[in-house]
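Listed below are the residues making up each chain.
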Amino acid sequence: MNDRNIIQTTCPYCGVGCGISALVNEQDHQVKILGDKSHPANFGKLCSKGSALGETVELKGRLLQPKLYGRDAGWAEALDLVAGSFINTIEKYGPDAVAIYGSGQLLTEDYYVANKLMKGFIGSGNMDTNSRLCMSSSVAGHKRAFGSDTVPGCYDDYEQAGMIILIGSNTAWCHPVSFQRIRAAKEANPALKIVVIDPRRTSSCDIADLHLPLAIGSDTILFNGLLFFLSQQNALNQAYIDAHTEGFSEALNAATISCNTLEQVAAQCKLDIDDLQCFYQWFASHEKVMSLYSQGVNQSSSGTDKVNAIINCHLATGRIGNPGTGPFSLTGQPNAMGGREVGGLSNQLAAHMDFSRTDDIERVAQFWGADNIASKPGLAAVELFDAIYDGKVKAVWIMGTNPVVSLPDADKAIQALQRCDFVVVSDCIAKTDTTALAHVLLPALGWSEKDGTVTNSERCISRQRALFHPAGDAKPDWWIISEVARRMGFEQAFHYRNASEIFREHAALSGFENNAGQRLRDFDISTLAKISQHDYDHLQPVQWPVNQAYPQGRARLFDDGQFFTASGKAQFIAIEPRPPVNLPDKNYPLILNTGRLRDQWHTMTRTAIAAKLNQHRPEPFVEVHPIDAQRYALLPNTLAVIESQWGSMIARVQITDSQQQGNLFVPMHWTGQYASRGRMGALVNPVVDPVSRQPESKHTPVLIKAYRPVWQGFILSRRELTVTDSEYWVKIKGEQFYRYELAGETLPEDWRSSVRKNLGIITAENAQWQEYQDPGKGNYRAALIVDNQLETVIFITAGNHLPERNWLTSLFVKPQIETRERMALLTGMPPLGVPDVGIIVCACFNVGEKTIRAAIKEKGLKTHQEVGICLKAGTNCGSCVPEIKALL
Ligand code: SF4
């Protein structure tokens, strides 16, 4: 490989938006992934997910050809069918009977065209996106306070802040490279105060000076209390309030009524009063404060109020727009911001214009040449799927997302698509829970083939560049949408030949009637409206706005105290704290919280392909406080059923006091492709915030009870098996093996035939079975060796004891197994002298927990740096450093 094979692109996972230098080997369809040292989001660093991208570009499992009602088809037939069905539905039932549901995975150019088709030409507002589930409360909060959806600050502020507050954000796992940067800022400046506000004690607490484990949903009380405290301590910036804001008295009055003593706030938030006072005093005394917040704030029935309660405190102290200050929404998805820019949410129009202003609607219609533009917002995600369920929306096009896993009340979403007349899904993956319900499947490009732009949390627009030619018949999303639009009769408006043409149009719209004589809008990249193909190809990361005033972009907004409201002043919002809509009761006494894991992304369609990313947390689990575990008779590592009034799941119990008593936590990632009962969305409360329409994914009343199967076991197999007939199964891809965790409620007569034959485990001529069966105890163990290589291992028991999997899985990467290993196979334990590394902690260097523990003990290691020197663990992406520190 040489420099000509190095392509600069962007990570497709979280909103940090890290730059990647990809060393491409087109011939072997392989790529080596390195962090782009020149990219301002990461300066060469990547987390475990970004580092493993090279393992996700394989073509196995890709959707490579259009499919119509289960059969392969050509593009022309597929596009004709989609266009024809949409036309027929609109003619019969009107434009609001069709909808598009997009994704923060779409590139800005794809998003722009989808939104233009639905809102501009079909004439319905029914274009929404999975970003609704992620950060629409931030959008709504920004608009209420600033008159625009503006993130004021930038990542550089981390180094300049005197205090960083992480609110409802496990930054260490969900935005790891930002977390590493904050950690480095703290190491360089130990005076930097870090406060984590989260009901759970997460890995982000690793660098915290203070952790406030507040009661779920009490954020508005906490920040109203802070506003009141600041006023009492004369810590307000009255000059700023007078010159640049409106509505302060009303906001302070509301805070005074609800939160006027420390005791009251501490009691309602269930916080230690000294810790609370410490936080308030630190906020009051630090001039440079950043508040970073994420889904713990947004995913709530009062998410918008939470956002504004935080912003109120920054406005009251004038801590916004200047280096090291400001509220800062960490976006979950790689292009959540790009979607916001083009109007991906159903209440937005385009280029940060929306339906609330007639002149915006007329302006966009004029620019697009659209005489049928929508005049009102469309349905937001949860309402959209309700409307599909009710038969009001009869044709839906889902792009690059898996709503039957990720939506709340997700079983209802399945039923909605089952009832829908016409479901189109564009995706790069063939088998997802959602593609299984589609009438038409359209193969879209995967990350490594896409070409366009994305925008990260700090408003930085970066290029995503194709590393490989399209796989099979896959096409860019913008092409697919444009072809359908043309077939629907909108030829002129969708005559795009490449992504750069769309980008230029998008940039031109952002600047259209957006100058001194007109209403000013924050999103303006008009300088890029005439960008050449060459310059688009070589576009370097740039933070919007990019206009006449800021041709090189702008790091911070609001440094001049000017906002995008009618008066030019920021708006305080009077917040009256509201409890979550559904509270625990005797039937559902616990609160379910949900969230991301360090090494998985969304519904695992890509990260689960990378074996190394499956080692960290291989199975769906539920975190339970020790007192709750005792109360509900739950033992560590056994299975439990969690139920809400909407649905249920089964997960492995992890008992930890990092969880509050009365709260449970489950990860959001597992789907029907990887687990029989692991979809947490089935349980989640579908109530939404009244302003942002974002669902309350962090607060669902549930019950938990032990799941006691008749038998349980696991299979390790070099070949992929079809294991779907036991009540509980989980599929995990490993390094040269597949692992299946199993449990069932009926004991078969004969394990040999049941397991071997039903799973289709073939017995080659030169195969050797080892087997142990104890029907009395319900134990069955077997190992299949072919050509002196381990092919399959099976452990089943009617009791509780099963061996750990690590040593057995390590045998699959060996070219041949040794005699002593063969003899130990059915014990499941390594022979004497062979180490067992334990659960993998460092995914980058494959270092296990037992190895780290042993090194700490034997070599007297005291710091994570010493562990790094000794074992390399934690020295690449750094995502596992908090866990290493916990072991220390
Ligand atoms: Fe990708 Fe990790 Fe960077 Fe997020 S932090 S963009 S997942 S490399």
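Residues numbered from 1 in each chain as written. Predicted model: local features only at pLDDT ≥ 70, side-chain atom pairs only at ≥ 80, totals over all residues. Heavy atoms only, no water.

Visitor: Let's hear about the overall build of the chain: which residues, and what values?
Guide: On a plain count of helices and strands, the chain comes out with 29 helices and 36 strands. Its C-alpha radius of gyration of 27 Å places the chain within 12% of the 29 Å reference for a compact globule of 888 residues. Expressed along its principal axes, the backbone C-alpha trace of the chain runs to roughly 85 × 70 × 60 Å. Going through the 888 residues of the chain one by one, you find that 64% of them count as buried. Across the chain, the fraction of contacts at a sequence separation of at least 24, relative to all contacts at a separation of at least 6, is 70%. Split by element, the accessible area of the chain, about 31,600 Å² in all, is 49% carbon and sulfur. Across the chain, the 85 positively charged side chains and the 93 negatively charged ones have centroids separated by 3 Å. (Helix = DSSP H or I, 4+ residues; strand = E, 2+ residues; numbered from the N terminus. Rg over C-alpha atoms; globule rule 2.2 N^0.38 Å. Buried < 20%, exposed > 50% of the residue type's maximum accessible area, 1.4 Å probe, protein only. Contact = heavy atoms within 4.5 Å. Areas by Shrake-Rupley, 256 points an atom, 1.4 Å probe, with all protein chains shown as cover. Lys, Arg positive; Asp, Glu negative; His and termini not counted. Charge placed at Lys NZ, Arg CZ, Asp CG, Glu CD.)

Visitor: Please provide a residue-by-residue account of the sheet that holds strand β29 (residues 711-717), values included.
Guide: Spatially, β30-β31-β29-β34-β33-β32 is the arrangement adopted by the six strands of the open sheet, whose pairing is antiparallel. At either end of the open sheet lies a strand with only one pairing partner, and these are β30 (728-734) and β32 (767-774). Pairwise comparison of adjacent strand axes, ignoring direction, gives a mean angle of 10° for this sheet. (Pairing = 2+ DSSP bridges. Axes fitted to C-alpha atoms, helices over the stretch in contact; angles between N-to-C directions.)

Visitor: Outline the site of the ligand, supporting the account with residue identities and numerical values.
Guide: Near the ligand, the surroundings consist of C11, Y13, C14, V16, G17, C18, L46, C47, K49, G50, P176 and V177. Class assignment for the residues of the shell around the ligand results in nine nonpolar, two polar and one charged. (Near = heavy atom within 4 Å. Nonpolar A, V, L, I, M, F, W, Y, C, P; charged D, E, K, R; others polar.)

Visitor: Quick one: what's the story with helix α28 (residues 864-871), residue by residue and with numbers?
Guide: Among the residues of α28, H864, V867 and G868 are the ones counted as buried. End-on, the buried residues of α28 take up no more than an arc of 105°, which puts them together on one face. Note on α28: the residue one or two positions beyond its end, K872, has a positive phi of about 75°. (Arc of directions from axis to C-beta.)

Visitor: So what about the pattern of salt bridges? Which residues, and what values?
Guide: This model, assessed by the stated rule, comprises 55 salt bridges. The partner of E491 in a salt bridge is R486, and the shortest N-O contact between them spans 3.4 Å. By relative accessible area, which is 33% here, E491 ends up partly exposed. D559 serves as the salt-bridge partner of R554, at 2.6 Å between the closest nitrogen and oxygen. Residue classification places R554 among the buried positions, given a relative accessible area of 11%. Each of the salt bridges in this network shares a partner with another, and the network as a whole consists of D80, E483, R486, R487 and E491. (Salt bridge = Lys/Arg side-chain N within 4 Å of Asp/Glu carboxyl O.)

Visitor: Describe the packing of aromatic side chains, with residues and values.
Guide: One pass over the full model with this rule turns up 25 aromatic pairs. Centre to centre, the rings of Y101 and F385 are 5.3 Å apart; their planes meet at 80°, and the pair counts as edge-to-face. Of this pair, Y101 sits in strand β6 (residues 98-102) while F385 sits in helix α17 (residues 381-389), placing them 284 residues apart in sequence. When sorted by exposure, Y101 lands in the same class as F385, which is buried. Arranged with centres 5.4 Å apart and planes meeting at 35°, the rings of F737 and F812 form a pair that is tilted. (Phe/Tyr/Trp six-rings, centres within 6.5 Å; stacked < 30°, edge-to-face > 60°.)

Visitor: Lay out helix α19 (residues 410-419) with the relevant residues and their values.
Guide: Taken residue by residue, α19 has A410, A413, A416 and L417 as its buried positions. One side of α19 holds all its buried residues, which, seen down the axis, span an arc of 100°.

Visitor: Provide a residue-level description of unusual backbone geometry, including the pertinent values.
Guide: Note that the residue after W544, namely P545, is joined by a cis bond; omega there is 5°. In this model, H29 sits at a positive phi of 50°, which is unusual for a non-glycine residue. The backbone of F43 shows a phi angle near 45°, a positive value even though the residue is not glycine. Structurally, the position occupied by F43 is in the loop between β3 (30-35) and α1 (48-51).

Visitor: Describe in detail the side chain of Q600, supporting the description with residues and values.
Guide: Here Q600 lies in the loop between β23 (590-595) and β24 (621-624). For Q600, the side chain forms a polar contact with the side chain of T607, separated by 2.7 Å. Within polar-contact distance, the side chain of Q600 engages the backbone oxygen of L613 at 3.3 Å. The contact partners of Q600, leaving out residues within four places of it in the chain, are K49, T607, A608, L613, N614 and H669. (Polar contact = N/O pair within 3.5 Å; in protein donor to acceptor, adjacent residues only side chain to side chain.)

Visitor: If you had to explain the nonpolar core to someone new, which residues and values would you point to?
Guide: In this structure, F86 and W397 are the most contacted members of the largest nonpolar core, which totals 68 residues. Those residues in contact with W397 that sit more than four places away from it in its chain are V82, F86, A99, I100, Y101, V424, S426, L442, I480, I481 and V484. By size, the runner-up hydrophobic cluster in this structure holds 59 residues, among which are C14, W447, F621 and L639. (Core = buried A, V, L, I, M, F, W, Y, C linked by side-chain atoms within 4.5 Å.)

Visitor: Help me get a handle on the environment of P803, residues and values and all.
Guide: Note that P803 resides in the loop between β34 (789-797) and α25 (806-810). Along the sequence, P803 and M668 sit 135 residues apart, while their C-alpha atoms lie 28 Å from each other. Look past the residues within four positions of P803 in its chain and what remains in contact with it is F714, F795, T827 and G828.

Visitor: Break down the sheet that holds strand β28 (residues 700-707) for me, with residues and values.
Guide: Taken together, six strands build a closed barrel; the order of strands is β23-β27-β24-β26-β25-β28 and the barrel is mixed. Neighbouring strand axes in the sheet, compared pairwise and without regard to direction, differ in orientation by 45° on average. Relative to strand β27 (residues 663-667), β24 runs antiparallel, the two sharing two bridges. Paired with V624 across the two strands is L664, which belongs to β27.

Visitor: Hey, could you go over the environment of L441 for me, with residue numbers and the actual values?
Guide: Inspection of the secondary structure puts L441 in strand β18 (residues 440-443). You can call L441 buried: its relative accessible area is 10%. Here the alpha-carbon distance between L441 and Q65, two residues 376 residues apart in the chain, equals 8.2 Å. In contact with L441, other than residues within four places in its own chain, are L63, Q65, P66, K67, V425, A430 and T435.

Visitor: So, the packing of helix α27 (residues 849-859) against α28: which residues are in play, and what are the values?
Guide: Closest axis-to-axis distance for the α27/α28 pair is 11 Å, and the angle between their directions is 105°. Comparing the axis directions of α27 and α28 gives the class roughly perpendicular. Two secondary-structure elements touch here, α27 through T851, I852, A855, I856 and K859 and α28 through V867, C870 and L871. Grouping the amino acids of the contact of α27 with α28 by side-chain chemistry returns six nonpolar, one polar and one charged. (Parallel < 35°, antiparallel > 145°, perpendicular 65-115°, else oblique.)

Visitor: How would you sum up the packing of helix α4 (residues 136-146) against helix α14 (residues 303-317)? Please name residues and give values.
Guide: Remark: α4 packs on α14, axes separated minimally by 8 Å, with the N-to-C direction vectors making an angle of 50°. When the interaxial angle is binned, α4 and α14 end up oblique. Both α4 and α14 take part in a crossing whose hand is right-handed. For the pair formed by α4 and α14, the contact residues are S137, S138, A140, G141, H142, R144, A145 and F146 on the first element and G303, T304, D305, V307, N308 and I311 on the second. Classifying every residue of the contact of α4 with α14 gives five nonpolar, seven polar and two charged. (Left-handed = near helix turned anticlockwise from the far one by under 90°.)

Visitor: Please set out the environment of Q661 residue by residue, giving values where relevant.
Guide: Following the sequence through the fold, Q661 ends up in the loop between β26 (648-655) and β27. Taking C-alpha positions, Q661 is 54 Å from F512, a pair spaced 149 residues apart along the chain. With residues up to four places along the chain from it excluded, the contact list for Q661 reads H625, I627 and D628.

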